[in-house]
Amino acid sequence: VVRCENYGDVSTEPVNDTLNSNMAGGVIGWIMNGNAVIKECVNSGNITAKLNSAGGIVGGMDVGNIENCINEGEVIAGCQQAGGITGAIADGLVTGCINKGNVKSCSIGGKGVTGGIVGWQGDNNKKGGKVEKCYNTGKISSGNYNDATQEATGGIIGLLSDEGIVEYCYSSCEFENEEAVGEIVGQWNTSSTASVNNCYYTNDTIKGIGSKGTDNTKITAQDDESGITEKVDTISSFDNFKKWLTNKFPSLTF
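Being a predicted model, the structure only gives us computed values, none of them experimental.

Caption draft 1: Here's a closer look at the overall build of the protein chain. Tallying secondary structure elements over the protein chain gives two helices and 30 strands in all. Relative to its 254 residues, the protein chain shows a buried fraction of 55%. Of the contacts made within the protein chain by residues no fewer than 6 positions apart, 77% connect residues no fewer than 24 positions apart. Summed over its atoms, the accessible surface of the protein chain is roughly 10,500 Å², and 44% of this surface lies on carbon and sulfur atoms.

Caption draft 2: The confidence of the model for the protein chain, seen in detail. Across the protein chain, the average pLDDT comes to 79, with 70% of residues at or above 70. Helix α1 (residues 222-225) is the least confidently modelled element of the protein chain, averaging 42 in pLDDT, while strand β1 (residues 5-6) averages 97, the highest of any element. Here residues 144-148 is modelled with pLDDT under 50, and outside its nearest four sequence neighbours on either side it reaches 13 contacts, counting other chains as well. Taken as a whole, residues 248-254 scores under 50 in pLDDT and shows 16 contacts with residues more than four places along the chain or in a different chain.

Caption draft 3: Here's a closer look at the environment of Thr193. Positionally, Thr193 belongs in the loop between β26 (185-188) and β27 (195-197). The exposure class of Thr193 is exposed, given its relative accessible area of 59%. A sequence separation of 31 residues divides Thr193 from Asp162, and the C-alpha atoms of the two residues are 5.9 Å apart. Other than its neighbours up to four places away in sequence, Thr193 contacts Asp162 and Glu163.

Caption draft 4: Quick look at the sheet that holds strand β12 (residues 82-83). Spatially, six strands are ordered β3-β8-β12-β16-β21-β25 in an open sheet, and the strand pairing comes out parallel. The strands lining the two open edges of the sheet, one partner per strand, are β3 (24-25) and β25 (181-182). Sheet topology note: the strand β8 (residues 54-55)/β12 ladder contains two bridges and is parallel. Looking across to β12, one finds that Ala54 is bridged to Ala82.

Caption draft 5: Representation of the environment of Gly182 within the structure. Locating Gly182 in the fold gives a position in strand β25. Sequence separation between Gly182 and Gly154 is 28 residues, and the spatial gap between their C-alpha atoms is 4.9 Å. With residues near it in sequence (within four places) discarded, Gly182 still touches Thr153, Gly154, Gly155, Phe175, Ile206, Lys207, Gly208, Ile209 and Gly210.

Conventions used here
Residues numbered from 1 in each chain as written. Predicted model: local features only at pLDDT ≥ 70, side-chain atom pairs only at ≥ 80, totals over all residues. Heavy atoms only, no water. Helix = DSSP H or I, 4+ residues; strand = E, 2+ residues; numbered from the N terminus. Buried < 20%, exposed > 50% of the residue type's maximum accessible area, 1.4 Å probe, protein only. Contact = heavy atoms within 4.5 Å. Areas by Shrake-Rupley, 256 points an atom, 1.4 Å probe, with all protein chains shown as cover. pLDDT = per-residue confidence, 0-100. Pairing = 2+ DSSP bridges.

Encoded structure:
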């Protein structure tokens, strides 16, 4: 799917109040098995999945590639993961993508899993795939529905698990919540072999990783150990972000 644009709002309704209702995406609702490629697509509509996962470009993805896509619309998942680009990725690649829209979710058990790029990376015991060279400026929040308790809220990835890889990403965003919040990863599953490398962010009060394991305890010394370096410089556009990557980060000379 190449160079498609959506400007309309997309919403899915519950089916008999179960979790089997469709996912919602600005371009594709759900990528199942296979090696689908979504490339250079743009979503400007608001995306809402009232009882499942939501993504600005793809609602959820088992295996596939999302390349050089942009989301500008608001993304809301009423009961599962929400991501500015995709709600969940089990395996595959998300590369060169931008999210500018606000992203909100409330997951199973009343806990939100929300990411500026991907809500849940590594779901369904798959390898987790790779998220690279992505940029987020949208506001991220979890647990705003049904008095939910926040779980994982990240500027790039909400919940990172399995063998997921996150690298060369940049986040400059606001958060509505205060627990298990990370400018790059909201929560990192300690039982996984996931990795985070060469990621940067602007916030000088919130760390790169919100928590490890299953609790909401903030950690303060994880940044250097996980390849995250705090940056207070502002990268004003994705074009500047690409220059920053090309110029052998973290040198910011525009």
